[in-house]
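Single-letter residue listing:
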Amino acid sequence: MPKKIVKDSFETKLKRLEEISSLLESETTGLEESIALFEEGMQLSNICMKTLKEAELKITTLKNNLTELNFAEDSEE
Amino acid sequence: MTKQITEAISVSELTKQIKFVLENEFEQVNVIGELSNFKAHYSGHWYFNLKDADSVISCTMWKGMNSYVFFTPQDGMKVIVKGRLTLYPPRGSYQIEVRSMKPAGVGELQEAFEKLKKKLSDEGLFDDEHKRLIPFMPQKVGVVTAIDGAALRDIVSIAKRRFPIMELLIAPAKVQGSGSADSIVDAISLLNSKKKIDVIIVARGGGSIEDLWSFNEERVARAIYNSKIPVVTGVGHEVDFTIADYVSDLRAPTPSAAIEIITPDSGELLEVINENSSRMYKMINSKVRDYKDIVVSTITSYGFRSPRNLVRNKFQTLDTLIYKILQSTDVKFLIMRNRLSLIGSQIGVHDVQKTLKKGFVLVKQDDKFISRANEFVEEKPAQLKFYDNEVTVRKK
């Protein structure tokens, strides 16, 4: 499970978090399942918060034949 | 200047003389006229006519010169050209070698704008059905803009603030002047060749209609329309509407607005995450509590207590039985006792019979056995019990 979480996009993680929230609110979810969901939810929550807080904007400037680039940001793809 | 021609001269000589006169006389011309037969050759040179109601003059504009023209000339546009007259001997034709060209007035540009707008609209390039949805949380955003422009600086700073998780891919382009339309087209094409770009922003800061003109060019419009990646335009100020804005999948009033519209705010996202966290805590706590209640009430329910009750009941039954047994034992005992006394008395009786058999007699009076003489009343009758029978005696 942890591996899968890391690979999913941020948006996917967030959607899963909201999904877990709804599932926990549902009366049809059993106790064991609820506990498992809760654990997953807290994990996701922590990862998402960490991602947001530690994120640094990545900028890449593409080279094309019209301009010369000595722009300070990262190199071309 | 006239010359007296006495001898016949060659065509070339004549032409040479005409050329000399013409080119010297018309070394600098400033002409207003309507464009017609405009052709941009593959070589990059332009060939066209300038005309008015009564006359027409051919024109050429070499590649080096025409690259400074900020708009794409169209037939019917009124323009002002500056240049010089030249004569081309092989054809005996003269033309204006145009050095600069500009629209005859802003009205000309307006007209060109309206013409193109109608043309593309009729073709369906502005249709809503063609417009694509912008992804909610784009991970990779391409930006077509000037590398040294304020638009890019604004976009970068807002992206950093709002949604630093994302990645910006910048495709630098010339955003005004000649060659800018092609530059923008190339940049869009470059981004389309990259993988996984979620959306493209085409951005340029504010400026005059001439400055923004490349965003009104047909080939820019088509490049945006044909882009496989959705395009958001943020060109000029709030009031500026370019053809590119009509074609794009989403128009933003400014470059800053463009990046804001397509990104969620990290602060809000953090709030959502926190909210979900506390919701989950609440839910799991209340669920556990609910289950606990169920367990407790089950344990204390009648069903669970009844084994104890059953045992108690059994005890009671037992007690009752024991009591009954005891009762019946008492009865039995009484019966036994009675029988015993009966037997005893029988035994007693049997003893008497033995005595009687010996010859003794029992005397009864008034149904009472008399065992003493002084109890005997002579006057009364008496029964004598012999062994074999009873005899009654009376006093005579």
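Note that the structure is a prediction, hence the values are computed from the model and not measured.

1. Looking at the overall build of chain B
Then, number 1: Secondary structure assignment for chain B yields 10 helices and 14 strands.
Then, number 2: Burial status across chain B gives 36% buried among its 396 residues.

2. Looking at the packing of helix 2 (residues 10–25) of chain A against helix 3 (residues 31–54) of chain A
Residue and element names in this part refer to chain A.
Then, number 1: Between helix 2 and helix 3, the least distance of the axes is 9 Å, while the angle of their chain directions is 145°. Two packed elements cross with a definite hand, and for helix 2 against helix 3 that hand is left-handed. Contacts between helix 2 and helix 3 involve Phe10, Lys13, Leu14, Arg16, Leu17, Ile20, Leu23 and Leu24 from the former and Ser34, Leu37, Phe38, Glu40, Gly41, Leu44, Ser45, Ile47, Cys48, Thr51 and Leu52 from the latter.
Then, number 2: Here the contact of helix 2 with helix 3 is built from residues that sort into 12 nonpolar, four polar and three charged.

3. Thoughts on the side chain of B:Asp240
Residue and element names in this part refer to chain B.
Then, number 1: Topologically, Asp240 is positioned in the loop between strand 9 (231–235) and helix 7 (243–247).
Then, number 2: We note that Asp240 is buried and unpaired, the nearest opposite charge coming from Arg251 at a distance of 6.9 Å.
Then, number 3: Apart from residues no more than four positions distant in its own chain, Asp240 is found in contact with Gly207, Leu212, Val235, Asp245 and Arg251.

4. Considering the sheet that holds strand 2 (residues 46–51) of chain B
Residues and elements named next belong to chain B.
Then, number 1: Read once around its circumference, the closed barrel built from five strands follows the order 1-2-3-5-4, with strand pairing classed as mixed. Taking each pair of neighbouring strands and ignoring which way they run, the sheet shows an average axis angle of 55°.
Then, number 2: Relative to strand 2, strand 1 (residues 29–40) is paired through five bridges, and the arrangement is antiparallel. Note on strand 2: the bridge partner recorded for Ser36 is Asn49.

5. A word on the confidence of the model for chain B
Detailed reading of the predicted model is not advised wherever pLDDT is low.
Then, number 1: Averaged over every residue, the pLDDT of chain B is 89; residues scoring 70 or more account for 97%.
Then, number 2: On the interface metric, ipTM, the complex scores 0.70, and its pTM is 0.66.

6. Re the packing of aromatic side chains
For any pair of aromatic rings, the description rests on two quantities: the centre-to-centre distance and the angle between the ring planes.
Residue and element names in this part refer to chain B.
Then, number 1: In total, this model carries seven aromatic pairs over all chains according to the counting rule given.
Then, number 2: With 5.2 Å between their ring centres and 65° between their planes, Phe70 and Phe71 make a pair best called edge-to-face.
Then, number 3: Among the aromatic side chains, those forming a connected cluster through ring pairs are Phe38, Trp46 and Phe48.
Then, number 4: The ring of Phe241 is capped by Arg251, whose NZ or CZ atom sits 3.7 Å from the centre of that ring.

7. Comments concerning the packing of helix 4 (residues 150–162) of chain B against helix 8 (residues 255–262) of chain B
All names here are of chain B.
Then, number 1: Between helix 4 and helix 8, the least distance of the axes is 8 Å, while the angle of their chain directions is 25°. The pairing of helix 4 with helix 8 is recorded here as roughly parallel in orientation. Helix 8 is crossed by helix 4, and the crossing has right-handed handedness. Contacts between helix 4 and helix 8 involve Ala151, Asp154, Ile155, Ile158, Ala159, Arg161 and Arg162 on the former and, on the latter, Pro255, Ser256, Ile259 and Glu260.

8. Focus: helix 3 (residues 106–123) of chain B
In an α-helix, one turn spans 3.6 residues, which is why side chains three or four residues apart end up on the same side.
All names here are of chain B.
Then, number 1: Look at helix 3: 26 Å from first C-alpha to last across 18 residues, which is about the 26 Å you get at 1.5 Å a residue.
Then, number 2: Within helix 3 the residues assigned to the buried category are Glu108, Leu109, Ala112, Phe113, Leu116 and Leu120. All buried residues of helix 3 project into a common sector of 135° when viewed along the axis, lining one side. Counted as exposed and oriented over 90 degrees from the buried face of helix 3: Lys118 and Asp122.
Then, number 3: For helix 3, the secondary structure elements touched by its buried residues are strand 4 (78–88), strand 5 (93–103), helix 6 (218–226) and helix 7.
Then, number 4: A positive backbone phi angle near 95° is found at Gly124, which sits one or two residues after helix 3.

9. Considerations on unusual backbone geometry
Residues and elements named next belong to chain B.
Then, number 1: Within the chain, Asn37 stands out as a residue other than glycine whose phi angle is a positive 50°.
Then, number 2: Secondary-structure assignment places Asn37 in strand 1.
Then, number 3: For Asn37, a relative accessible area of 46% puts it in the partly exposed group.
Then, number 4: Phi at Asp367 is positive, roughly 60°, even though this residue is not glycine.
Then, number 5: Accessibility expressed as a relative area gives 64% for Asp367, which makes it exposed.

10. Focus: the interface of chain B and chain A
Then, number 1: Listed by partner, the interface residues are 38 residues for chain B and 40 residues for chain A.
Then, number 2: Summing both sides of the interface, chain B and chain A together bury roughly 3,700 Å²; the carbon and sulfur share of this comes to 70%.
Then, number 3: The three residues of chain B that bury the most area against chain A are B:Ile273, B:Met280 and B:Lys287, which together make up 18% of that side's buried surface.
Then, number 4: Joining chain B to chain A, the criterion identifies two salt bridges.
Then, number 5: A:Glu25 serves as the salt-bridge partner of B:Arg279, at 3.1 Å between the closest nitrogen and oxygen.
Then, number 6: Linking chain B with chain A are 13 residue pairs in polar contact (both at pLDDT 80 or more).

11. Thoughts on helix 4 of chain B
Then, number 1: Taking 1.5 Å of rise per residue, the 13 residues of helix 4 of chain B would be expected to cover 18 Å, and the 18 Å separating its terminal C-alpha atoms lies within 8% of that figure.
Then, number 2: Looking at the buried residues of helix 4 of chain B, the elements they touch are strand 1 (58–61) of chain A together with strand 6 (140–145), strand 7 (167–172), strand 8 (199–204), helix 8 and helix 9 (266–299) of chain B.

Conventions used here
Residues numbered from 1 in each chain as written. Chains lettered and ligands numbered in written order. Predicted model: local features only at pLDDT ≥ 70, side-chain atom pairs only at ≥ 80, totals over all residues. Heavy atoms only, no water. Helix = DSSP H or I, 4+ residues; strand = E, 2+ residues; numbered from the N terminus. Buried < 20%, exposed > 50% of the residue type's maximum accessible area, 1.4 Å probe, protein only. Axes fitted to C-alpha atoms, helices over the stretch in contact; angles between N-to-C directions. Left-handed = near helix turned anticlockwise from the far one by under 90°. Contact = heavy atoms within 4.5 Å. Nonpolar A, V, L, I, M, F, W, Y, C, P; charged D, E, K, R; others polar. Lys, Arg positive; Asp, Glu negative; His and termini not counted. Salt bridge = Lys/Arg side-chain N within 4 Å of Asp/Glu carboxyl O. Pairing = 2+ DSSP bridges. pLDDT = per-residue confidence, 0-100. Phe/Tyr/Trp six-rings, centres within 6.5 Å; stacked < 30°, edge-to-face > 60°. Lys NZ or Arg CZ within 6 Å of the ring centre and 35° of its normal. Parallel < 35°, antiparallel > 145°, perpendicular 65-115°, else oblique. Expected span 1.5 Å × (residues − 1). Arc of directions from axis to C-beta. Buried area = accessible area lost by both parts, 1.4 Å probe. Polar contact = N/O pair within 3.5 Å; in protein donor to acceptor, adjacent residues only side chain to side chain.

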